[in-house]
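Single-letter residue listing:
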Amino acid sequence: MPLLIWQVLFFVVPLGFMFVMSFWLVKDYRMTPAFALDNWLKILTWGIFWRAYGYTLALATAAMALASLFAFPASYTLAFKASDAARRWALFFLIIPFFTSYLVRVYAWQVVLAGNGIISAILGFVGLGPLSLLNTPIGTLVGYLTLTFPLVLILQTISLSSIDKNLIEAAHNLGCGPLRTIFAVIIPAAKVGLIVAALFCFILSFGDFVSPYYLGGSKPPTLSIMIIDSTKSGQQWPRAAVIAVMMIISLLTVAFASVTAAYRRRG
Amino acid sequence: MNAEKALKWALFAYVALAFAFIFTPVIWSFIFSFNSDRFPSLPLGSFSLKWYETVLSRPEILQAAVTSLTVAICTSLLATFIGFCTAYTDFRYHFMFKQAYLALAMLPPTIPLIIMALAMLSWLAQIGLSGQVISIIISHTVLAAPFAMAVIRLRLNDMDPNLEAASWNLGASEWRAMREVVIPFAMPSIIAALCLTAAVSFDEFAVAWFVSGLNKTIPVVILEILQGNVDPQINAIGTFVFIISIALIVTAQMLMLSKGGKKEATQ
């Protein structure tokens, strides 16, 4: 049972303590144990917080939608058109990005997206003028996708390739066209996997601070950046804790809703 | 028929495009780590190793590399030990609240790192363990143990539970059975888990950034360089990190994919 003790001591307790800390007060730059709703009132009535909340939510939702849409044709191909060996190799390669530094990849994008970078040059070439995508929501989204796209692709491919091929054959034999097969047979059959992939994408994007900071210019800040700002500069740990608790509540809600949706029976 | 072939080609081209999106930043930073120009642009400047020289001549980066390695090694040992115990408990015993126990074991990767970072920082500061190398090790062990557990559990799935019972019947004590039957059987996955957890720790920056204080790890140094200007040193450091992580991952995957069970126990 060492894991139990370890996880309780260094996983459950820290999270619990963070919750408790959200009620503490900061006096003369020192935290004082208390049970005060000050931090909660302060944050929950703070317009900037809600704007950041909406912005983070919108960006994470957009990343989730884009990653799922972009990944689907690729995972469809890998699952149904590629040979088994090719699919294994593809999955093998898709795991690699998880262990290459995300920071270095974000840095690479920073250079590519900048005003004097390659994307800007291409856009200039087709007449859209030199245009920096850095410090825009698009930059943030590119970063989110860098982080989440391989994972979504892996999860989708696995869930699509575990569909019973007879089901698809049957649809074909009954005169179902390829597009209709996708929408009427494949997507419902792989629903759980597709939703789980989208959910992971949402969770990762919602909590990521690197992309909105270095590619999105942190204007407006996302919730994760607000946590960093209030922790690193200024000893406002309790307020950061409030934001963190709000994030956890939101994530739990989204996770619960999508799991319910995934397992709901049709009809 | 031709239309179908064209569609198939289009789909594979799309997969290639998706892979290009994923791997461009990785390859990009690799190429530019050898480029002489400070500001990356095409055409490339001349081949140069000066960014590597700069990196190697900075003592604080070497110091960070030592910290990173220390943390990665300690984390992998601790996390793999915990992971093994959890996997074995799950394999062997049935008890009340087992579901909750497993959920607790697998939960940490789903909590956004920035929230874990804040929670760990505030808790470790509270018990007087923040700002030391050990704080990074503790946090990384929490994050990495679930991966070790998953890898080892998969391997134990392939083990006949009677094997252990047989060794008891032959007079082996529980310890001896563990040492001479279970552990040799799980060995490939144990080594894979060591590599995997080391790689997780080696790349993690958010929690390390919060709890490390003055003991920076390599990713934290990258993060801090990123906050400054365009600096190709990141590419050079990134290439180092990439090579180490990939070596670890490829080792882990080869061990997982090889059917280790056929291997004769060397006595």
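Cut-offs and rules
Position labels on residues start from 1 in each chain and follow its written sequence. Here the convention is simple: chains get letters from A, ligands get numbers from 1, in the order in which they are written. With the structure being a predicted model, the display of local features is reserved for residues of pLDDT at least 70 and the display and counting of side-chain atom pairs for 80 or more, all residues being used for whole-chain, interface and lining totals. Excluding hydrogens and water, the side-chain figures rest on all heavy atoms present in the structure. Residue types Ala, Val, Leu, Ile, Met, Phe, Trp, Tyr and Cys, when buried and joined through side-chain atoms within 4.5 Å, form a set referred to as a nonpolar core. For every residue, the accessible area (1.4 Å probe, protein chains only) is compared with the maximum for its type, and the residue is labelled buried under 20%, exposed over 50%, or partly exposed between those bounds. The helix and strand labels rest on DSSP assignments: H or I over at least four residues marks a helix, E over at least two residues marks a strand, and numbering proceeds from the N terminus. Only heavy atoms enter the contact rule, under which two residues are in contact if any of them lie within 4.5 Å. Axes here mean lines fitted to C-alpha atoms, for a helix over just the part in contact, with angles spanning 0 to 180 degrees between N-to-C directions. Note on angle classes: values under 35 degrees are labelled roughly parallel, values over 145 roughly antiparallel, values of 65 to 115 roughly perpendicular, and the remainder oblique. Handedness of a crossing follows from how the near helix is turned relative to the far one, being left-handed for an anticlockwise turn of less than a right angle and right-handed for a clockwise one. Classification convention: Asp, Glu, Lys, Arg as charged; Ala, Val, Leu, Ile, Met, Phe, Trp, Tyr, Cys, Pro as nonpolar; all other residues, Gly among them, as polar. For this document, the term salt bridge refers to a Lys or Arg side-chain nitrogen within 4 Å of an Asp or Glu carboxyl oxygen. Known as pLDDT, the predictor's confidence for each residue is given on a scale from 0 to 100. In this description, buried area is defined as the sum, over both parts, of the accessible area (probe of 1.4 Å) that is lost when the two are combined. Distance and chemistry together define a polar contact, namely a pair of N or O atoms within 3.5 Å, with one atom able to donate a hydrogen and the other to accept it when in protein, and with adjacent residues in sequence counting only for side-chain atoms on both sides.

It is worth spelling out the nonpolar core at this point. Of all hydrophobic cores here, the largest spans 100 residues; its most connected members are A:Leu15, A:Met18, A:Phe209, A:Leu223, A:Ile227, B:Ile115 and B:Met116. The element contributing the most residues to this core is helix H13 (residues 237–263) of chain A, with twelve residues. In this view, A:Leu15 contacts A:Ile248, B:Ile111, B:Ile115, B:Met116 and B:Ala119; residues no more than four positions away in its chain are not counted. One finds A:Ala67, A:Ala90, B:Val15 and B:Ile22 within the second-largest nonpolar core, a separate group that totals 19 residues.

All names here are of chain A. In contact at an axis separation of 7 Å, helix H3 (residues 47–81) and helix H7 (residues 137–161) are set at 40° when each is read in the N-to-C sense. With respect to their mutual orientation, H3 and H7 come out oblique. Along this stretch, H3 crosses H7, giving a crossing that reads as right-handed. Residues of the contact of H3 with H7, tallied by class, amount to 23 nonpolar, seven polar and no charged.

This next bit is on the pattern of salt bridges. If charged atoms from side chains of opposite charge come close, those side chains can pair. Applying the stated criterion to the full structure yields two salt bridges over all chains. Note that A:Asp84 and A:Arg87 form a salt bridge whose closest N and O atoms lie 2.7 Å from each other. Placement of the pair is A:Asp84 and A:Arg87 together in helix H4 (residues 84–95), with a separation of three residues, close to one helical turn. Among the salt bridges present, the one from B:Asp90 reaches B:Arg153, with a minimum N-O distance of 2.4 Å. Of this pair, B:Asp90 sits in helix H3 (residues 59–92) while B:Arg153 sits in helix H6 (residues 133–157); the two residues are 63 residues apart in sequence, bridging distant segments of the chain.

Confidence in the prediction of chain B, expressed as mean pLDDT, is 77, and 89% of residues score 70 or more. Across residues 260–267 of chain B, where pLDDT falls below 50, the model places three contacts with residues more than four positions away in sequence or in other chains.

All right, on to the side chain of A:Asp208 then. Within the secondary structure, A:Asp208 sits in the loop between helix H10 (191–207) and helix H11 (210–215). Residues contacting A:Asp208, with those up to four places away along its chain left out, are A:Tyr102, A:Tyr144, A:Leu147, A:Thr222 and A:Ser224.

The next thing to look at is the interface of chain A and chain B. The figure often quoted for interface size is the accessible area lost as the parts come together. Counting residues at the interface gives 71 residues for chain A and 71 residues for chain B. Counting each side, the surface lost to burial between chain A and chain B is near 6500 Å², with a carbon and sulfur contribution of 84%. The interface formed by chain A and chain B holds zero salt bridges in total. Remark: the boundary between chain A and chain B carries one residue pair in polar contact (both at pLDDT 80 or more).

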